[in-house]
Amino acid sequence: MLPIGNFKYPKSLIRFCKKNPFEITVNKSFKEVIFNCATVNRSETWINETIEKKFCKLHQMGYAHSLECWYDHKLVGGIYGVAIGSCFFAESMFSKVSNASKFALINLISRLWYLDYKILDVQFVNNHLKQFGVFELSKNKFKNKLNTLVKNKKNFSYLEKDPFKVVSDFLHDISDKS
């Protein structure tokens, strides 16, 4: 899991994000995000046609979501996953340009923080996610958390604030904690 409220971050990433280098959208290009997650910078992928169709169906049902990074009107990065209750299960992300997937991740975590989500499951630990404070949780603890948190009602797609303001507030909040 990645900690939402105690997210670790490189200082250089904060400076980068404050420049607002990419336009961020939500659920604008879900199918393109999942396709890019399967193909960009990958020689192998677990995202096959069946999985892609299932996630697109979950997207149509309002459970699967994507955040897209755009530069010069081109999709350059993104992340997708499933939101149930106050839990978000990130599935995959991609980047065609430097830092686009990190910017998408910061925007995802900022959104989850603002909407008071409690869990950001990232499936597994890898070196990329270690820099952000990823940690493992036992199966029993994870199940216990899920039992209550999936019952919470959240609307992942709705923000009352401008997304950049949400990111700015989030970065200010986590900077105050360090």
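Refer to the structure above for everything that follows.
This write-up is about the structure you can find in this document.

Conventions used here
- Residues numbered from 1 in each chain as written.
- Predicted model: local features only at pLDDT ≥ 70, side-chain atom pairs only at ≥ 80, totals over all residues.
- Heavy atoms only, no water.
- Axes fitted to C-alpha atoms, helices over the stretch in contact; angles between N-to-C directions.
- Helix = DSSP H or I, 4+ residues; strand = E, 2+ residues; numbered from the N terminus.
- Parallel < 35°, antiparallel > 145°, perpendicular 65-115°, else oblique.
- Contact = heavy atoms within 4.5 Å.
- Nonpolar A, V, L, I, M, F, W, Y, C, P; charged D, E, K, R; others polar.
- Salt bridge = Lys/Arg side-chain N within 4 Å of Asp/Glu carboxyl O.
- Buried < 20%, exposed > 50% of the residue type's maximum accessible area, 1.4 Å probe, protein only.
- 1 Å grid on protein atoms, 1.4 Å probe; cavity = no way out; pocket = protein on both sides within 12 Å on 5 of 7 lines; lining within 4 Å.
- Points joined across faces, edges and corners; volume = space filled by probe spheres on them.
- Arc of directions from axis to C-beta.
- Core = buried A, V, L, I, M, F, W, Y, C linked by side-chain atoms within 4.5 Å.

Digging into the packing of helix H1 (residues 11-18) against helix H4 (residues 100-114)
Step number 1: In the contact formed by H1 and H4, the axes pass within 11 Å of each other and the chain directions differ by 85°. By the angle between their axes, H1 is roughly perpendicular relative to H4. Contacts from Leu-13, Phe-16 and Cys-17 of H1 reach H4 at Lys-102, Phe-103 and Ile-106.
Step number 2: Residue composition of the contact of H1 with H4, grouped by class: 5 nonpolar, no polar and 1 charged.

Re the pattern of salt bridges
Step number 1: On inspection of all chains with the given rule, the structure shows 4 salt bridges.
Step number 2: Between Asp-116 and Lys-118 there is a salt bridge, with its nearest N and O atoms 2.8 Å apart.
Step number 3: Look at Asp-116 and you get partly exposed, because its relative accessible area is 39%.
Step number 4: Here Lys-161 makes a salt bridge to Asp-169, at a shortest N to O gap of 2.4 Å.
Step number 5: For Asp-169, a relative accessible area of 18% gives the class buried.
Step number 6: Salt bridges linked by common partners bring Lys-161, Lys-165 and Asp-169 together as one network.

Remarks on the layout of surface pockets
Step number 1: There is about 420 Å³ of room inside the largest pocket.
Step number 2: The wall of the largest pocket is formed by 19 residues, among which Arg-42, Glu-91, Ser-92, Met-93 and Asn-126 lie closest to the centre.
Step number 3: The set of elements that each furnish at least two residues to the lining of the largest pocket consists of strand E4 (87-95), H4 and helix H5 (127-130).
Step number 4: Per element, the largest residue contribution to the lining of the largest pocket is 6 residues, and it comes from E4.
Step number 5: When grouped by side-chain class, the residues that make up the lining of the largest pocket number 10 nonpolar, 7 polar and 2 charged.

Re the environment of Ser-29
Step number 1: Residue placement: Ser-29 occurs in the loop between strand E1 (23-26) and helix H2 (30-39).
Step number 2: Judged by relative accessible area, Ser-29 falls into the buried class, the value being 8%.
Step number 3: Along the backbone, Ser-29 and Glu-68 are 39 residues apart, and their C-alpha atoms lie at a distance of 7.1 Å.

Looking at H1
Step number 1: Every buried residue belonging to H1 is among Leu-13, Ile-14, Phe-16 and Cys-17, and all of these are buried. Take H1 and look down its axis: the buried residues cluster within an arc of 165°, on one side only. The exposed residues of H1 that point more than 90 degrees off its buried face are Arg-15 and Lys-18.
Step number 2: Immediately downstream of H1, the backbone of Asn-20 shows phi near 50°, a positive value.

A few points about the nonpolar core
Step number 1: Ranked by internal contacts, the top residues of the largest apolar core, which has 40 residues, are Leu-2, Phe-88, Leu-105, Leu-108 and Leu-120.
Step number 2: For this core, the secondary structure elements donating two or more residues are H1, strand E2 (64-71), strand E3 (74-84), E4, H4 and helix H7 (163-177).
Step number 3: Setting aside residues up to four positions removed in sequence, Leu-108 forms contacts with Leu-67, Ile-79, Phe-88, Leu-120 and Phe-156.
Step number 4: By size, the runner-up hydrophobic cluster in this structure holds 15 residues, among which are Ala-64, Trp-70, Val-82 and Phe-94.

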